[in-house]
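What follows is the residue order along each chain.
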Amino acid sequence: MSNAILVVGGGFSGLTAAIEAAELGHDVYIVEKTPWLGGRVTQLNKYFPKLCPPSCGLEIQFQRIRKNPRIKIFTQAEVIGFSGVKGDYNVRIRINPRHTAPHNVEFNLLASGLQGEVENEFDFGMSKRKALYKAMPFAFPNRYVLDTDALSKADAARVAGNKFLDVEEKPREVEFSVGAVVVATGWKPYDVANLTNLGAGTVKNCISNMQLERLASPFGPTGGRIVRPTDGRTPNHVAFVQCAGSRDQNHLSYCSYICCMATFKHCLYIAEQSPETQITVYYIDLRAPGRYVKVLEKVQALPNVHFIKGKVANAEQAPGDRVRIAAEDAVRGEKLTLDYDLVVLATGMQPSLAGESAPLPLPLDEDGFIAGGEEAGIFAAGCARMPLDVMRSAQSGTAAALKAVQTVKGR
C-alpha cells in the first residue's frame, strides 16, 4: 500500500493539489505533458480575480514546490501504464527527451543564432520560434527545450558537439506506486477550425480570444500591443462574438462559464491601450457570476464599448482586410451588416481529454469531462471536471487533494 499521490497535469489546479497533499506529509508525483508547469494560465496576460499577470500567482506555487522535497516533477511526460487497486496502484510513465542539460543553462545567444523556425504553438500560431526555445520568461523548470525536428541542416551542425545539448537523447520510462490519483488535465480552446462560418482560419484579422490574450501579453508576439495581425495597425473598430461554438448542439452544447468574463477583460485591455477604439460585443446572454458583476458594470460604463444582444450569423472578408459581420439586433429586430478592423471569437473551453484516449480508468461524459472515478480513489480537479476560472480551479485542486489524502490514510 502507498501513501504517495499521483497528480496528472501541472496546471493551476494540479499544482494546488500537489502542494496541498505534499504539505500534509505525502509524497507527490506531478506528471505534466508539456515542458513546463503552469498550464493555460501561463498563456494569459492577466487573470481574475485581481487581474494579476500569470507570473504573480504561479511564482508563489513554484516557490512552494522548490521548498518541498516531497514533490517530484516529471515534465514532457505521460502516463502509459496504470494497474492495481485503490490504495495500491502501479504507474508507468514515459518521459520524452528535452535534449538539454538537466540544470539551467542560458542558451539565448545560441538559440537566437539558429536559422530554422516553426510555428509557435504557445502563441497559437501568431509567431515563430526557434528549435531551441523557452516559451516564457518565468518558465518552471527554468530550462530550454531543443526541438530536433525543427533544426535545419545548418542548425544541426551548429548544435552538434555542444556539451550541454544531447540530440541523441531517447525517451525513458519510470515506474512508481501511489495510493490515489488527482486528474487535473485541464482544458483546450475549442478548435476554431470548426467555425468556418464565423471566419475562423479563412478570414484575415479574425482571431480567437486566446490569440488576443497572447497579443496583450508583454512576452507575446507583439510585445503586448493589440494590433491587427495582417499589418500591425491598431484597430479602430473591434467586434467580439460571444458563444462562438458554445451553447450549440453542433459544437459545444454547454456554457463555458468564463467566456464573457474573458471578453470584459479584453475590453479593458483595448480601452487602456487605445481609448478611441470602438468596441462592439455581440452576445446571447451576459454572465458575470458573483462579485464579477462589478467588472461588467465597469465595462458597460466605458463610452467606447457597445453591447448588441443578437447572434452573429457569419463573417466574411471585406476590403482593406476588414471583417464583415452579418448579425441580428434582437432588441431592435434589425438585421445588421457591419465591417470591423478586428473580430474576436469568444470560443469556449473544452476538456483536454475530449477526443483523447486516457490510460486511466476515467468515466467521461459526452463532452469529455470526468464524470466519476472517486470510488476507485481517482479524483478530478479543475477544468477536467467542469469549466472553471482560475480561482475556482485552485479551490477544486484543494478539494481533490483532501479527498486523495483521505483515501490513502483511510485505506
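Note: the structure precedes this text.
Procedures and definitions
- Residues numbered from 1 in each chain as written.
- Predicted model: local features only at pLDDT ≥ 70, side-chain atom pairs only at ≥ 80, totals over all residues.
- Heavy atoms only, no water.
- Phe/Tyr/Trp six-rings, centres within 6.5 Å; stacked < 30°, edge-to-face > 60°.
- Helix = DSSP H or I, 4+ residues; strand = E, 2+ residues; numbered from the N terminus.
- Buried < 20%, exposed > 50% of the residue type's maximum accessible area, 1.4 Å probe, protein only.
- Pairing = 2+ DSSP bridges.
- Axes fitted to C-alpha atoms, helices over the stretch in contact; angles between N-to-C directions.
- Polar contact = N/O pair within 3.5 Å; in protein donor to acceptor, adjacent residues only side chain to side chain.
- Contact = heavy atoms within 4.5 Å.
- Salt bridge = Lys/Arg side-chain N within 4 Å of Asp/Glu carboxyl O.

1. Points about the packing of aromatic side chains
The geometry of an aromatic ring pair comes down to the distance between the two centres and the angle between the two planes. A complete count under the given rule lists 15 aromatic pairs for this structure. A centroid spacing of 5.2 Å and a plane angle of 50° characterise the contact between F48 and Y292, whose relative ring orientation is tilted. Residue F48 is located in the loop between β2 (28-31) and α2 (54-66), and its partner Y292 is located in the loop between β15 (278-283) and α7 (293-300); the two are separated by 244 residues in the primary sequence. Comparing F48 with Y292, the two get one shared label, buried. Judged by centre distance (5.5 Å) and plane angle (80°), the ring pair of F138 and F219 falls under edge-to-face. With F138 in the loop between β8 (132-133) and β9 (145-146) and F219 in the loop between α5 (209-216) and β14 (237-244), the pair connects residues that are 81 residues apart, well separated along the chain. Assessed through its relative accessible area of 22%, F219 is described here as partly exposed. Three or more aromatic residues joined by ring pairs make a cluster, and in this case those are Y29, F74 and F176.

2. Section: the sheet that holds strand β17 (residues 312-318)
Sheet strands line up and pair through hydrogen bonds in the backbone, either parallel or antiparallel. Strand order across the open sheet formed by three strands is β17-β18-β19, with antiparallel pairing between neighbours. Both edges of this open sheet fall to β17 and β19 (334-340), since each of them pairs with a single strand only. Sheet twist, expressed as the average angle between the axes of neighbouring strands with direction ignored, equals 20°. Bridging between β17 and strand β18 (residues 322-329) involves six bridges; their strand directions are antiparallel. Across the sheet, A315 pairs through a bridge with I325, a residue of β18.

3. Quick word on the side chain of H99
Tracing the backbone through its elements, the reader meets H99 in the loop between β5 (88-95) and α3 (108-112). A polar atom in the side chain of H99 sits 2.8 Å from the backbone oxygen of D166.

4. Some words on the side chain of T42
Mapped onto the elements, T42 comes out in the loop between β2 and α2. Residue classification places T42 among the buried residues on the basis of a relative accessible area of 3%. At 2.7 Å, the side chain of T42 and the backbone oxygen of G39 are in polar contact. Leaving out residues up to four positions away in the same chain, T42 has contacts with L37, P54, L58, F122, M136, F138, R214 and F219.

5. Quick word on the sheet that holds β15
The strand order across the open sheet built from five strands is β13-β20-β14-β15-β16, with neighbouring strands paired in parallel fashion. With partners counted over all chains shown, the strands left at the sheet margins are β13 (206-208) and β16 (305-309), one partner each. Put simply, the sheet's adjacent strands are angled 20° from each other on average, direction ignored.

6. A short note on the pairing of strand β11 (residues 180-183)
If a strand is regular, its side chains alternate between the two faces of the sheet. Residues A180 and V182 point to one face of β11 and V181 and V183 to the other, with burial holding for every one of them. As paired elements, strand β1 (residues 5-8) and β11 share four bridges and run parallel to each other. Counterpart to V8 in the pairing with β11 is V183. One ladder, built from three bridges, connects β11 with strand β22 (residues 378-380); its direction is parallel. Pairing of V182 across the sheet is with F379, part of β22.

7. Description of the pattern of salt bridges
Under the definition given, this model contains 20 salt bridges. The shortest N-O distance in the salt bridge between E59 and R66 comes to 3.1 Å. In this structure E59 comes out as partly exposed when scored by relative accessible area, which is 29%. Among the residues examined, R66 registers a relative accessible area of 44% and is labelled partly exposed.

8. Observations concerning the pairing of strand β20 (residues 342-347)
Counting buried residues along β20, six of its six residues qualify, which places the element largely inside the surrounding structure. On β20, burial covers both faces: L342, V344 and A346 on one face and V343, L345 and T347 on the other are all buried. Bridge analysis of β13 against β20 gives three bridges, and the strand direction is parallel. By the bridge assignment for β20, I207 is matched with V344.

9. Structural notes on the environment of Y254
In this fold, Y254 is placed in the loop between β14 and α6 (259-273). Placed 133 residues apart in sequence, Y254 and P387 show a C-alpha to C-alpha distance of 9.4 Å. For Y254, the residues in contact, after removing those within four places along its chain, are S246, R247, M349, Q350, P351, D367, F369 and P387. Among the polar contacts listed, one links the side chain of Y254 to the backbone oxygen of M349, at a separation of 2.9 Å.

10. As for unusual backbone geometry
Following F48, the chain continues into P49 via a peptide bond in cis, with omega recorded as 10°. Following F140, the chain continues to P141 via a peptide bond in cis, the omega torsion being 0°. A positive phi is found at N205, a non-glycine position, where the angle reads about 65°. Looking at the element boundaries, N205 is found in the loop between β12 (187-189) and β13. Positive phi, close to 55°, is recorded for D321, a residue that is not glycine. Examined against the element boundaries, D321 turns out to sit in the loop between β17 and β18.

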